[in-house]
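Next come the chains, spelled out residue by residue.
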Amino acid sequence: RVLPRDGVRFKALVQLKPISVCVEVGQMWDMIHLGDWLSGCARRKKYAHLRPDCKVLEDRRAWWHYAIRASIDQVARSRWRLKWSEVRVLTGQRREYADLYKQVLTRSAAASDRTQLAFLEQTLPVEHIMFARGIAERLVSR
């Protein structure tokens, strides 16, 4: 059976307050499988506009074109497109983060430095933070 073009049949909103939960191993695996299934649903929804209206066995070529277009779309979305001014700002923030983290490692950081470090941790991508930390740790170990 072919899903509707937008791929959505149900919508749900769940809000939970913090609770402590004890789960067994089987339940944990069920939750992991549910998460995988939900991520697959999100991926299908993201590419629903590219999806053909026919079944796979009716028009295999259309489904191959769908797969190719979805792959190209995914690659295009994953690339960063930054202006040189944005690259300059990002590089400066990364250098500043490395300097501040080096001060934290040597225990010479002031409270204002820790505040600035926390701000940069909120703004920088995780990959840049890990890179800057690696540089700072390398400089401290010398």
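Conventions used here
The residue numbers shown here count from 1 along each chain, following its written sequence. Local features in this predicted model are restricted to residues whose pLDDT is 70 or higher, and side-chain atom pairs enter the listing and the counts only when it is 80 or higher, whereas totals over whole chains, interfaces and linings include all residues. Side-chain numbers come from the whole structure's heavy atoms, not from hydrogens or water. A helix here means a DSSP run of H or I that spans at least four residues, while a strand means a run of E at least two residues long, and both kinds are numbered starting from the N terminus. For the radius of gyration, the atom set is restricted to C-alpha positions; the globular benchmark scales as 2.2 Å times the number of residues to the power 0.38. Working definition: with a 1.4 Å probe on protein chains only, accessible area under 20% of the residue-type maximum means buried, over 50% means exposed, and in between means partly exposed. Helix span, expected: 1.5 Å multiplied by one less than the number of residues in the helix. Note on definitions: a residue-residue contact is assigned when non-hydrogen atoms from the two residues lie within 4.5 Å. Contacts described as polar in this section are N or O atom pairs within 3.5 Å, which, within protein, must combine one atom able to donate a hydrogen with one able to accept it, while residues neighboring in sequence count only if both atoms come from side chains.

A. The arrangement of the overall build of the chain in detail. Check the secondary structure of the chain and you find five helices and zero strands. When the helices and strands of the chain are placed in sequence order, the string is α-α-α-α-α. Here the chain has a C-alpha radius of gyration of 23 Å; the compact-globule value for 142 residues is 14 Å, and the former is much larger. Reported as C-alpha extents along the three principal axes, the dimensions of the chain are approximately 70 × 45 × 25 Å. When burial is assessed residue by residue, the chain has 18% of its 142 residues classed as buried.

B. Quick look at helix 3 (residues 84-105). Here helix 3 contains 22 residues, and its C-alpha end-to-end distance of 31 Å stays within 8% of the 32 Å for a straight helix at 1.5 Å per residue. In the segment just after helix 3, Arg-107 is the residue with positive phi, at about 60°.

C. Highlighting the environment of Tyr-97. Tracing the sequence through the fold places Tyr-97 in helix 3. By relative accessible area, which is 0% here, Tyr-97 ends up buried. Along the chain, Tyr-97 and Arg-77 lie 20 residues apart, while their C-alpha atoms are 27 Å from each other. Not counting the four nearest positions on each side in its chain, Tyr-97 is found in contact with Leu-117, Leu-120, Glu-121, Leu-124, Ile-129, Ala-132 and Arg-133. Within the structure, Tyr-97 has its side chain in polar contact with the side chain of Glu-121 (distance 2.7 Å).

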